[in-house]
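Geometric and topological summary
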2 protein chains.
Amino acid sequence: MNKSCDTEILSVGTELLLGHVTNTDARDLSELLSKIGVNVRYHTVVGDNPQRLAECVRIARQRADVIITTGGLGPTCDDLTKQILAESFGLKLVENAEERRGLYDSIHPERGFTGNNFSQALLPEGCTVFHNDWGTAPGCAFEKDGKIVVMMPGPPNECLPMFRRYAIPYLKKLSEEQIVSHSVRIFGIGESGVDDMFADEMNAMTNPTMAPYAKECDCLLQITAKAGSEAEAESMMAPVIARVKERLGEYVYGMDIECIEEAVLPLLKERGMTFAAAESCTGGDIARRITEIPGASAVFAGGCVTYTNEIKAKLLGIDPAMIEENGAVSFLVAKEMAERVRILTGADIGVGVTGLAGPDGDGVHEVGTVFVSMAVEGETFVRELHLGTKRTRSFIRRMAGNHVYDMMRRYLTGLKV
Amino acid sequence: MNKSCDTEILSVGTELLLGHVTNTDARDLSELLSKIGVNVRYHTVVGDNPQRLAECVRIARQRADVIITTGGLGPTCDDLTKQILAESFGLKLVENAEERRGLYDSIHPERGFTGNNFSQALLPEGCTVFHNDWGTAPGCAFEKDGKIVVMMPGPPNECLPMFRRYAIPYLKKLSEEQIVSHSVRIFGIGESGVDDMFADEMNAMTNPTMAPYAKECDCLLQITAKAGSEAEAESMMAPVIARVKERLGEYVYGMDIECIEEAVLPLLKERGMTFAAAESCTGGDIARRITEIPGASAVFAGGCVTYTNEIKAKLLGIDPAMIEENGAVSFLVAKEMAERVRILTGADIGVGVTGLAGPDGDGVHEVGTVFVSMAVEGETFVRELHLGTKRTRSFIRRMAGNHVYDMMRRYLTGLKV
């Protein structure tokens, strides 16, 4: 595979053009491809229309070396991707005996199945078949006329694991050099701050390379190396990563993970510790985030969503007069929420959040004012946050949650909270 | 504007091709456009590269009547969209005095600003300017050579409200006919069931039209009419909508809303009622969903996330021996969760969820087994769900939540729970 091969992701499906579905496949595949050094130059979406799809394939063949399709591999008559791609490259579709058997086994006979179901076993002659362990339609890949074509099913819960298991190794094997990438995840300093710290170094680097990226509520530094082997690429990156981690220090919450709760879970697990949450403005989102990760029950005891003052009193036993005096959005209420949920549940750590996620204010604080707290044996910490008056409700809730998890991360790793 | 005008959404930004950002703009704009009857035929994503962008514009001009760009309007030197589009259509960029003044006012002088900032006030000569009330870069639109071009900023929290406020009316004004669309939101019957019910009718319809669409955990029927005026389109749809609602009956949870909790909130509010939630496998997601909507505090008291058996006992006071005997995932535990959270909080309705969201089972039930419950004055309802052994954790959690909200909706509207 050419080192600088230009790649186009061509997604097929009228539902994408109607806005009924978001094209997460293009995003997810692009992220995986960028990590192995493949340059994605275009995303195209076209409907289930043979003429328009054929024309998009013609354009993709002109401007890209690798064409990756998603969608249109199913059994219905709108599913045209294989036919059109095979035609464009002058290949016949032939039935794959193993896939046909698999389809026969996987389709419940009582549902009844027609000749159409077996069309999923028709694949371009000579292609590499990617079996679909997560659904029925197989994917495939072939090389022809100096181009590489990879076809994947559309449903994200099939496309993404299949692409990881089959397409990424297929594409890596075609390359003479190995490209390896790591992301250093950062919280507490913005993308522009990271950029300022490393700008000179980044500009001077060619291999490995380094680039900062902003996510919704945190940021990351992506480090990528190319070499003859993965081990060599890793050893080229090791000193860079070590230096980055040293300079960023306490702002680094993890490597190659997606969110800060993924860093906190193992820290708690290693120490055999649990936490509980008392949430007001985050409304259950702190609990939801940790429980989205399988195995959360080892570290997350539970918690209370105390959305009204009355419930703060009833569930957590906070004195209503104290709330009245200080206001629900206050240092003291946040402090008590963390302390009381800790005692109530018997967890090692209690965390609390109270604030204004907007759009309406409370006449005292501006929107975006949030108090987050963490109670541990003998000590309680509170952070006062001002997350911005023009931010969305969901941003403020997510950012408040990040601060809660950051407090735990810092406490558990011996950093100043 | 031609009735069948083909539209391309051209999104500009290397971050999209690296997979750092999902192209939600293309989805959101497509949905809004489909509701006014505009046929989106292509989505294209290209990076911040002048040659490749110019080539994409050339292709879009050949195959589309309307080109809508997103992104690349900012002040940095990668922001090329206006320059390339203006060049392609032979238009000059001229400074808009009002926008320049606005930029001057909106940029904090202490941050310092360079000539680059004012490049945002440069717009194609003769265009219609869309002022950006949510950020700094204005959008614009023009007609030239039989094509319509609309340019929008990339950040979704600017693009989407601006598109709604300015671009949709602009595009509607160009059309001689008005297109109006409504979605009937459905839960409890799948897209294929809806399709079966209405297939003959849908095939026979030309104006209004009707089509079913699947969402992750529910589905909808989109009804669209074209007429000389909005009022006329509405009156053409009224009998169709009435008939659809009558036939689908209790499965219809709302019109023109996005999720079932949006239907439940006003039902509770009208009745002056509140609810509280005791959540196990949903881990706070039921609370999070209602509190994502501004004004939730009027109807949502709060709740408990009781992720472990110990916490079910501690927070809700459920007898540990009873949990031991029945298992945490059981009819009786679900029933007690709803009843106890109702009493504990003093809410009118208590809901509960306990189940297996996977990926691991408990050796007794299969993954996807969930008990959802609702306690009201004098009565408790429990549904046993089997949501599928191959579903993702997040699907099972969301679907369980939908059932909880559906039970409340049914109870509040006098339907059989």
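Higher on the page you've got the structure.
Our subject in this report is the structure included herewith.

Quick look at the state of the cysteines
- As enumerated under the stated definition, the model contains zero disulfides over all chains in all.
- Free cysteine: Cys217 of chain A, not disulfide-bonded; nearest cysteine sulfur from Cys259 of chain A at 11 Å.
- The exposure class assigned to Cys217 of chain A is buried, which follows from its relative accessible area of 6%.
- The closest cysteine sulfur to the non-disulfide-bonded Cys56 of chain B is located on Cys56 of chain A, 11 Å from its own sulfur.

Observations concerning the pattern of salt bridges
- For the structure shown, the criterion picks out 53 salt bridges over all chains.
- One salt bridge connects Glu310 of chain B with Lys314 of chain B, and the closest N-O pair in it is separated by 3.1 Å. Of this pair, Glu310 of chain B and Lys314 of chain B both sit in helix α12 (residues 309-316), four residues apart, which is roughly one turn of that helix.
- Between Lys335 of chain B and Glu339 of chain B there is a salt bridge; the shortest N-O distance is 3.1 Å. Placement of both Lys335 of chain B and Glu339 of chain B in helix α14 (residues 331-345) is noted, with a separation of four residues, approximately one turn of the helix.
- Exposure remark for Lys335 of chain B: the relative accessible area of 28% places this residue in the partly exposed category.
- Given a relative accessible area of 24%, Glu339 of chain B falls into the partly exposed group.
- Residues participating in the shared-partner salt-bridge network are Glu250, Arg383, Asp406, Arg409 and Arg410 of chain A.

Topic: the sheet that holds strand β8 (residues 147-152) of chain A
- Spatially, the twelve strands line up as an open sheet ordered β6(A)-β7(A)-β8(A)-β3(A)-β1(A)-β2(A)-β2(B)-β1(B)-β3(B)-β8(B)-β7(B)-β6(B), and their pairing is mixed. On the outer flanks of this sheet lie β6 (128-130) of chain A together with β6 (128-130) of chain B, each paired with one strand and no other. Going from strand to strand, the sheet's axes swing by 15° on average, the running direction of each strand aside.
- Relative to strand β7 (residues 139-144) of chain A, β6 of chain A runs antiparallel, the two being bridged by three bridges. By the bridge assignment for β7 of chain A, Thr128 of chain A is matched with Ala141 of chain A.
- Strands in contact with helix α2 (residues 24-35) of chain B are β1 (6-12), β2 (39-46) and β3 (66-70) of chain B; relative to β1 of chain B, the strand with the most contacts, it is inclined by about 160°.

Considering the interface of chain A and chain B
- Across the contact, 60 residues belong to chain A and 60 residues belong to chain B.
- Buried area between chain A and chain B, both sides added, is near 5,200 Å², and the carbon and sulfur share of it is 57%.
- Inspection of the region where chain A meets chain B yields two salt bridges.
- Measuring nitrogen to oxygen at the nearest pair gives 3.1 Å for the salt bridge that ties Arg397 of chain B to Glu292 of chain A.
- On the surface where chain A and chain B come into contact, there are 27 residue pairs in polar contact (both at pLDDT 80 or more).
- Here the element with the most residues in the side of chain A that touches chain B is strand β2 (residues 39-46) of chain A; it accounts for seven residues.
- Tallied by class, the residues present in the side of chain A that touches chain B amount to 25 nonpolar, 23 polar and twelve charged.
- Summarising the sheet, strand β14 (residues 300-306) of chain A and strand β14 (residues 300-306) of chain B pair through five bridges and their orientation is antiparallel. Paired with Thr306 of chain A across the strands is Gly302 of chain B, a residue of β14 of chain B.

What counts and what doesn't
Residues numbered from 1 in each chain as written. Chains lettered and ligands numbered in written order. Predicted model: local features only at pLDDT ≥ 70, side-chain atom pairs only at ≥ 80, totals over all residues. Heavy atoms only, no water. Disulfide = S-S within 2.5 Å. Buried < 20%, exposed > 50% of the residue type's maximum accessible area, 1.4 Å probe, protein only. Salt bridge = Lys/Arg side-chain N within 4 Å of Asp/Glu carboxyl O. Helix = DSSP H or I, 4+ residues; strand = E, 2+ residues; numbered from the N terminus. Pairing = 2+ DSSP bridges. Axes fitted to C-alpha atoms, helices over the stretch in contact; angles between N-to-C directions. Contact = heavy atoms within 4.5 Å. Buried area = accessible area lost by both parts, 1.4 Å probe. Polar contact = N/O pair within 3.5 Å; in protein donor to acceptor, adjacent residues only side chain to side chain. Nonpolar A, V, L, I, M, F, W, Y, C, P; charged D, E, K, R; others polar.

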